[in-house]
Amino acid sequence: MSFGVNYDLVKGRHDLVAGLTVAAISFPQAMAYALIAGVDPRFGVYSAIVVTIVASIFGSSSHLINGPTSAISLLVFTALAFIDSENTTELFEGLFLLAVLVGGLQIVISLFRLGNLTRYISESVIIGFMAAAAFLLAVGQLGNALGVRDKGNGHMQVLHRVWLTLTRGDHINYRALILSVAAVALAVVLRRLVQRFGWPQVDMLAVLIITGLIAYLAGWSVAGANGRTAVSVAAKIPRSLPTPHVPDVHTSWLPHLSTGALAIAFVGIIEALSIAKAIAYQTQQKIDYNRQIMAEGLANLAGGFFQSLPGSGSLSRSAINFQSGARTRFSGIVSAATVAAALLLFAPLLRYVPQAALAGLLLVTAARLVDVKRLIYTVKASRYDAGLVVVTAFTGVAVDLDKSVLLGVILSILLFVPRAAKLKARELIVTPERVVRERIAGDPADASIVIYDLEGELFFGAAPELDRYLLEIRKRIQADQIKYVVLRLKRVRHPDVVCIERIEHFLRDETARGVTVLLAGVRPDTLGVLTNVGFGKWFPEGHVFPEEDEEFSATLKAVRHAHNALAQLRLKEPFTSAPELAPHPDLYYLV
């Protein structure tokens, strides 16, 4: 593995600090996510070692940290629901086989370079999936939080099981309730203190230590004369590293596991690439997406043969890794090695961690899993986006999560096909004869104004092209110190939240830099989406030129507005007559 010829002690020190910081949250998260999946906590810890280190070795992103995640763990729980949870031997073998299947599918996707197909999966599907996952995560931990045994079986619908647990289950264990409430309160308070004072992000680890001490000092986590503890504690984790193991293959399991494996493979890829893209946007790192997908597949495949929970890119751990100053993928290796060392040193102490405290942390995780502002933004954007969110979320809760993902993927593709026109863009110029036309080879670039005409379907599948065109405009703005940009939207159709959000980010960023952006020829459907997401609250009304049913073009109005504004800055000659009124207008648009 190579981290580059320029790797030095400075980068090494940054990676070491970041890796140690990430490990502090990886250990408690790994145990909690194994609890979500309904398996032994040690498999979550093994995943934080094996999946993390393999993905760091073969990955493309310098900051992405892989391992168990809440969304993947929920899908694992759903995929294994057909196996009796009391039969732990079969349950664990099913888990390892599932990880191998997930890894194999992701490797195939990478080998056939199908990673770009993820662009056709609407982000609204993922938002709906995350909303359902957060809800199921929260209700699924109510039994542990209340200290009661879950009722029902994996074949029942999750809400039915929760109802049985709450109405026909054991009496509430108030000691467990105290610990879960304390864990929630501590998690909220400590996170605020960490953010306010810039402390190392060890708040989750601190919560488990504090609640573990409370339970131990109160005698709740120590076995009494009957051999039982007053509150349930985490299962014993052996003081040993993951060892090679070939999963048993039961052919009767494959139809059940294949659906879940496909959903986990898709969600894992989308989760990892989304996080990698978000961080790369800030660092300007170029991500090789197919290589990253291959790394995801190799990590899960290796995890399946080393008794690990399937994983993906973790938003929280990757963000901490980036914010802690990591420079290369070596920070992920440091994190995995630190978790391994902690497992060897402190494994016996983990049996004092109350399950109610882990449940409290997972309730907080569920609340943080949903970006409420983004959810509202998406639902308000258009009926198309709202429909995908609602269908995916409802299916996830009413049926199961893996089918909700696959249904969302199918709907995205089906809705994409009739709208699958490639987004195009061309630069326009104003000639010395005051004719607005397409810029052709040999035309000099205007050093004070940029006019771009977009044409095509403005939906999630066109987002990469839109990003590319907006980047070209940004480069022109920076290179020539452009003051005015006219963005012609007359020929774009079916705008959705993904592309509208990118345009909003572009407008906010350039406005903050002192650039005036005018939206020209805005069609009613585009104007409606802009209004729905609240553009009118912050974007000047005078900078929007709607397309009107009249002889004179809104695009020419916008160009005239920009030219006359530049004339006041002595950067352009003013237009002297009013083209809307003059019999021979002095500004023309040549199609």
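Reference entry: report on the structure contained in this document. Only a predicted model underlies this, so the values are computations on that prediction, with no experimental measurement involved. (Residues numbered from 1 in each chain as written. Predicted model: local features only at pLDDT ≥ 70, side-chain atom pairs only at ≥ 80, totals over all residues. Heavy atoms only, no water.)

### What about the environment of alanine 24?
Its place among the elements puts alanine 24 in helix H1 (residues 9-37). Sequence-wise, alanine 24 and arginine 317 are 293 residues apart; in three dimensions their C-alpha atoms are separated by 9.7 Å. Setting aside residues no more than four positions away along its own chain, alanine 24 makes contact with Val202 and Leu205. (Helix = DSSP H or I, 4+ residues; strand = E, 2+ residues; numbered from the N terminus. Contact = heavy atoms within 4.5 Å.)

### Points about a nonpolar patch on the surface
A contiguous nonpolar surface patch, about 630 Å² in accessible area, is contributed by Val202, Leu205, Ile209, Leu213, Tyr216, Leu217 and Val222. Checked against the element boundaries, valine 222 lands in the loop between helix H9 (203-217) and helix H10 (254-283). (Patch = residues over 30% accessible without salt bridge, like charges linked within 9 Å, V, L, I, M, F, W, Y side chains within 5 Å. Areas by Shrake-Rupley, 256 points an atom, 1.4 Å probe, with all protein chains shown as cover. Salt bridge = Lys/Arg side-chain N within 4 Å of Asp/Glu carboxyl O.)

### Quick look at H9
The end-to-end C-alpha separation of H9 is 21 Å, in line with the 21 Å expected for 15 residues at 1.5 Å each. Within the sequence span of H9, burial applies to Asp203, Met204, Val207, Leu208, Thr211, Gly212 and Ala215. The inward-facing, buried residues of H9 contact H1, helix H8 (174-197) and helix H14 (355-369). Just beyond H9, the residue with positive phi is glycine 219, at close to 80 degrees. (Expected span 1.5 Å × (residues − 1). Buried < 20%, exposed > 50% of the residue type's maximum accessible area, 1.4 Å probe, protein only.)

### Some words on unusual backbone geometry
The backbone of glutamine 284 sits at a positive phi, close to 65 degrees, despite the residue not being glycine. Structurally, glutamine 284 is set in the loop between H10 and helix H11 (289-304). A relative accessible area of 66% means that glutamine 284 is categorised as exposed. With a phi angle near 60 degrees, arginine 434 is a residue other than glycine that sits in the positive phi range. Here arginine 434 shows up in the loop between strand S3 (424-430) and strand S4 (435-438).

### Things to note about the packing of aromatic side chains
Overall, the coordinates contain 12 aromatic pairs when judged by the stated rule. Ring centres 6.3 Å apart and planes at 75 degrees place the aromatic pair tyrosine 7 and phenylalanine 330 in the edge-to-face group. On the criterion of sequence distance, the pair formed by tyrosine 7 in the segment before H1 and phenylalanine 330 in helix H13 (residues 330-346) is long-range, its members being 323 residues apart. In this structure tyrosine 7 comes out as partly exposed when scored by relative accessible area, which is 27%. (Phe/Tyr/Trp six-rings, centres within 6.5 Å; stacked < 30°, edge-to-face > 60°.)

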